[in-house]
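Remarks on the overall topology
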Protein chains: 2
Amino acid sequence: MKMAGIAKSSEGWHWTPSGGLVAGIPSKGVIQPSQNIKQSDAVFDVIVIGAGYTGLTATRDLTTSGVKTLLLEGRDRIGGRTWSSNIDGYPYEMGGTWVHWFQPHVYRELSRYGMINELVHSTDFTKKHNYFSFATRSGRRTMSHEEEDEMFSRAMQKFVNVDGNFGKTVMPFPFDAYWNKNVLKYANLSVADRIAQIRHDLSEDERHAIESFVLLCSGGTAQNSAFLDFLRWWAAGNYDYRTLLDTIIVFKLKCGQSEFARRFFNEALATSNLAYSFNTVISRVDSTNNTVRVTTRDGRAFQAKRVICTAPLNVLSKIAFNPPLLAEKTEASKLKHVNQCVKVHAEIKDPEMRSWSGVTYPDNKLVIGLADGKTPAGYTHCVFFGCDANHIHAEENIDETLKAVKKFAPMDVNRLVFHNWSKDEFAEGAW
Amino acid sequence: MKMAGIAKSSEGWHWTPSGGLVAGIPSKGVIQPSQNIKQSDAVFDVIVIGAGYTGLTATRDLTTSGVKTLLLEGRDRIGGRTWSSNIDGYPYEMGGTWVHWFQPHVYRELSRYGMINELVHSTDFTKKHNYFSFATRSGRRTMSHEEEDEMFSRAMQKFVNVDGNFGKTVMPFPFDAYWNKNVLKYANLSVADRIAQIRHDLSEDERHAIESFVLLCSGGTAQNSAFLDFLRWWAAGNYDYRTLLDTIIVFKLKCGQSEFARRFFNEALATSNLAYSFNTVISRVDSTNNTVRVTTRDGRAFQAKRVICTAPLNVLSKIAFNPPLLAEKTEASKLKHVNQCVKVHAEIKDPEMRSWSGVTYPDNKLVIGLADGKTPAGYTHCVFFGCDANHIHAEENIDETLKAVKKFAPMDVNRLVFHNWSKDEFAEGAW
């Protein structure tokens, strides 16, 4: 499994029938050597905490502007909740995957690095198993992808249509979600609440379609997921199911997200303004007299004039800030976002599965699956998503995980690859 | 008309019934003083030619990266083919206007400058004249905006559907238009050719809808506009008429594009790495021995290690390059793009027109009109587009221009504002 020149991360899981379950997978995101700090680097201009895309972008922009920057990261790799394997040269995406020219911030960076001609389709609709399988308590059926889209589109339109304008009136700007203050009357409406409001207008199939799709987005449960959180996804997809699908689940990077993340890191490194240290977990941030002192869990300390902290919401409260963060921010971090998405990749021996997608809901441990690529062996790569409802830790019981995958359709599974975001100490949840 | 602190550009035209036609309009894009070069600025790191968004972005990125930059611009203002008036504090957009989160490069910059909550709708569909007027050789009719969208959507789908997949198969990536080499078989197909191919499947109304909409995009004629050029617009709007409309003609900046452009310029200026000179027309660029010498039409010369030339295609061949540019580039500049868009703003006394749009085609000098805002006086601002077919120079005969406006609907016109891009020596055409 080891690739020449590609180091293995301690993160992620890899299972094969012959090799069993192995912790850690190789990735271009692993940085070696793991630190480059010189003794002369006494006080930095800026310390950036976290090497996900936010931290990498800040680091790149600072270092290319001549600012002496120290990047500190708890993991052994860059990319945060977006990173790809390099197994036989093939990228399975452990977290954030799909890109589109309708994702403005990501696309600008792809364009900047000359990578816009490296997009590929996850699914290829020219193969034999060109259908959608839908398994609910009413049984298992197959339909065409056109029928699938029509059903999901119809159901989602009912779900979002609180204003007679499919959400466009109450949330005209996805990136400025509270622009219309009337939207706040839905602030406490859960996905389950909204479904209850429209239950008389929904077939059972439509209700299952809504729940499976919304939970794919939120990673939570129908009870703890906010209606408005989904409405932001919907608005970002221009208030249309097919446009939303195109925006979030069609195109990915042939080279993998970790290669993309390397572009940011390498550009920063080339400036000579970048010091970095991986495997460096932050425990304290003390700010006094124009100096910030950042202390690590193992007792090291670094100083800078400023700090940019990009720690994810669900782990922000694990860092002690002095003076403390805004009370609202600390409270939000302790409440946490609900996304406990389970994402499992399977290599399937049948190449004709490249055209397939499916839902098994509500009685399976994984909810949505779709073809996501062709592996170097010529097999089909499918990806499966679960959520906090019926949650599993995929590595704890591989037989259970395999069973959940095979519940979608008959599949000869040759490999599983995944990252358990819920047990990840630097994320405590997904994206 | 003069605004405190807002200088008047020599560009643009302004007509009122009482004041008549006046050359020049005030704009936040005018830079005063017009140059800031010091004697000590002997050799720059980089000279940027042109202060449109491309040149401004390059200048901003260079100066914030510590690069000593000289920005040279032929006009008295920044923004190139995108600039706004400041008439009684109100921005009429002379060129590029509409933005959306589906325009990745622009939206990233709006986000960077904290301006995403400054978007406003051009049209307000809550007023009395909430209809579309369609005047063709078959007469003048009105229809609802839903009927308008349905007709245009149906017609445009027929127009683009060369592959049975509404163009998505032959051009899957708008920003990488020739990714599928099969697309090249349409390289010589004109808009007129494509309409001829499908003429038996088109009603007269559908044909007029196609021609008016495509000419709005191309600014040319049906004969000289390329089918593939329109297909790029279509692909960028995700192969759907309504999505395309949302992307290109719904949201604009409340503060005007010139205020947006100022953000780039001001950020660059704040670095102290920016020297600039407006009213500075470039005639020659000579590159030898790692030095570039840029000569102006009035005989001044500037030196730098590198030059970035952002002169528009249609005027690039007016600059003598030594060594010469690639032959293909020079040839393209001499052939020119076809966009000779005529864009005329009218202030209309009736506030109920704020919900209106219309087409008059093929016998009017202006083709498409729509409500574009509410003026400080409480009147409606409508914008009208013409093209190279039936082309006019709007300032040459104001009565003819007014007549073309009034052909759309009865209108009490209080003001006209426009820029004649075809006579513009620094553009020789529109965007």
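The structure under discussion appears in the preceding block.
Residues numbered from 1 in each chain as written. Chains lettered and ligands numbered in written order. Predicted model: local features only at pLDDT ≥ 70, side-chain atom pairs only at ≥ 80, totals over all residues. Heavy atoms only, no water.

Quick look at the sheet that holds strand E1 (residues 13–16) of chain B
All names here are of chain B. The nine strands lie next to each other as E2-E1-E18-E14-E17-E16-E15-E6-E7, forming an open sheet whose pairing is mixed. The open sheet has two edge strands, strand E2 (20–23) and strand E7 (139–143), and neither has a second partner. In this sheet, neighbouring strand axes are inclined to one another by 20 degrees on average, regardless of whether the strands run parallel or antiparallel. With three bridges joining them, E1 and strand E18 (residues 413–418) adopt antiparallel strand pairing. Considered in E18, the bridge of tryptophan 13 is made with phenylalanine 418. (Pairing = 2+ DSSP bridges. Helix = DSSP H or I, 4+ residues; strand = E, 2+ residues; numbered from the N terminus. Axes fitted to C-alpha atoms, helices over the stretch in contact; angles between N-to-C directions.)

Comments concerning the pattern of salt bridges
Enumeration according to the criterion identifies 58 salt bridges over all chains in this entry. In this structure, the salt-bridge partner of glutamate 259 of chain A is arginine 263 of chain A, at a minimum N-O distance of 3.1 Å. Linking glutamate 259 of chain A with arginine 263 of chain A, this pair stays in helix H8 (residues 257–270), spanning four residues, or about one helical turn. Ionic pairing is found between lysine 336 of chain B and glutamate 428 of chain B, a salt bridge with its closest N-O pair at 2.4 Å. Separated by 92 residues along the polypeptide, lysine 336 of chain B in the loop between helix H10 (327–335) and strand E14 (342–348) and glutamate 428 of chain B in the segment after E18 bring together distant segments of the chain. (Salt bridge = Lys/Arg side-chain N within 4 Å of Asp/Glu carboxyl O.)

What about the interface of chain B and chain A?
Listed by partner, the interface residues are 31 residues for chain B and 31 residues for chain A. With both chains or domains summed, chain B and chain A bury close to 2600 Å², and 58% of this area falls on carbon and sulfur atoms. Where chain B meets chain A, there are two salt bridges. In this structure, aspartate 246 of chain A engages lysine 168 of chain B in a salt bridge whose closest nitrogen and oxygen atoms are separated by 3.1 Å. (Contact = heavy atoms within 4.5 Å. Buried area = accessible area lost by both parts, 1.4 Å probe.)

Concerning the relation of the copies chain B and chain A
Turning chain B through 180 degrees and shifting it by 0.0 Å along the axis lays it on chain A, with an RMSD of 0.0 Å. One copy is carried onto the other by what is essentially a two-fold rotation axis. Taken together, the interface assignments show that 100% of the residues at the interface of chain B recur at the interface of chain A, consistent with an identical surface on both copies. (Least-squares fit on C-alpha atoms with pLDDT ≥ 70 in both.)

Quick look at unusual backbone geometry
For the peptide bond that leads from asparagine 322 of chain A to proline 323 of chain A, omega is 0 degrees, which places it in the cis range. Residue placement: proline 323 of chain A occurs in the loop between strand E13 (320–322) and helix H10 (327–335). Between tyrosine 361 of chain B and proline 362 of chain B the backbone carries a cis peptide bond, its omega angle lying at 5 degrees. Tracing the sequence through the fold places proline 362 of chain B in the loop between strand E15 (357–360) and strand E16 (368–374). At glutamate 428 of chain A, a residue that is not glycine, the phi angle is positive and equals roughly 50 degrees.

Regarding the environment of phenylalanine 230 of chain B
Residues and elements named next belong to chain B. Inspection of the secondary structure assignment puts phenylalanine 230 in helix H6 (residues 227–236). For phenylalanine 230, a relative accessible area of 2% corresponds to the buried category. Taking the C-alpha atoms as reference points, phenylalanine 230 and proline 104, 126 residues apart in sequence, are found 19 Å from one another. Discounting chain neighbours no more than four positions away, the residues touching phenylalanine 230 are Met156, Phe159, Val160, Phe213, Val214, Cys217 and Leu244. (Buried < 20%, exposed > 50% of the residue type's maximum accessible area, 1.4 Å probe, protein only.)

Overview of the nonpolar core
Within the largest apolar cluster, 181 residues are counted, with the highest numbers of intra-cluster contacts made by Phe159, Phe213 and Phe230 of chain A together with Phe159, Phe213 and Phe230 of chain B. When sequence neighbours within four positions are dropped, the list of residues in contact with phenylalanine 213 of chain B reads Phe152, Met156, Phe230, Tyr241, Leu244, Leu245, Ile248 and Ile368 of chain B. (Core = buried A, V, L, I, M, F, W, Y, C linked by side-chain atoms within 4.5 Å.)

Overview of the state of the cysteines
Counted by the stated rule, this structure contains zero disulfides over all chains. Between cysteine 217 of chain A, a cysteine without a disulfide, and cysteine 341 of chain A, which holds the nearest cysteine sulfur, the sulfur-to-sulfur distance is 9.9 Å. You can see cysteine 341 of chain B has no disulfide; the closest cysteine sulfur is in cysteine 387 of chain B, sitting 7.9 Å from it. Its relative accessible area of 2% is what places cysteine 341 of chain B among the buried residues. (Disulfide = S-S within 2.5 Å.)

Some remarks on the pairing of strand E17 (residues 380–386) of chain A
All names here are of chain A. By the criterion of burial, E17 is predominantly enclosed, with seven of the seven residues buried. The side-chain alternation of E17 yields two buried faces, one formed by Thr380, Cys382, Phe384 and Gly386 and the other by His381, Val383 and Phe385. Relative to E17, strand E14 (residues 342–348) is paired through seven bridges, and the arrangement is antiparallel. When the sheet's bridge partners are listed, histidine 345 is paired in E17 with valine 383. Where strand E16 (residues 368–374) lies against E17, six bridges are found, and the strand directions are antiparallel. Within the sheet, the bridge partner assigned to alanine 371 lies in E17 and is cysteine 382. Between the antiparallel neighbours E16 and E17 lie five residues, among them glycine 378 with a positive phi of about 90 degrees.

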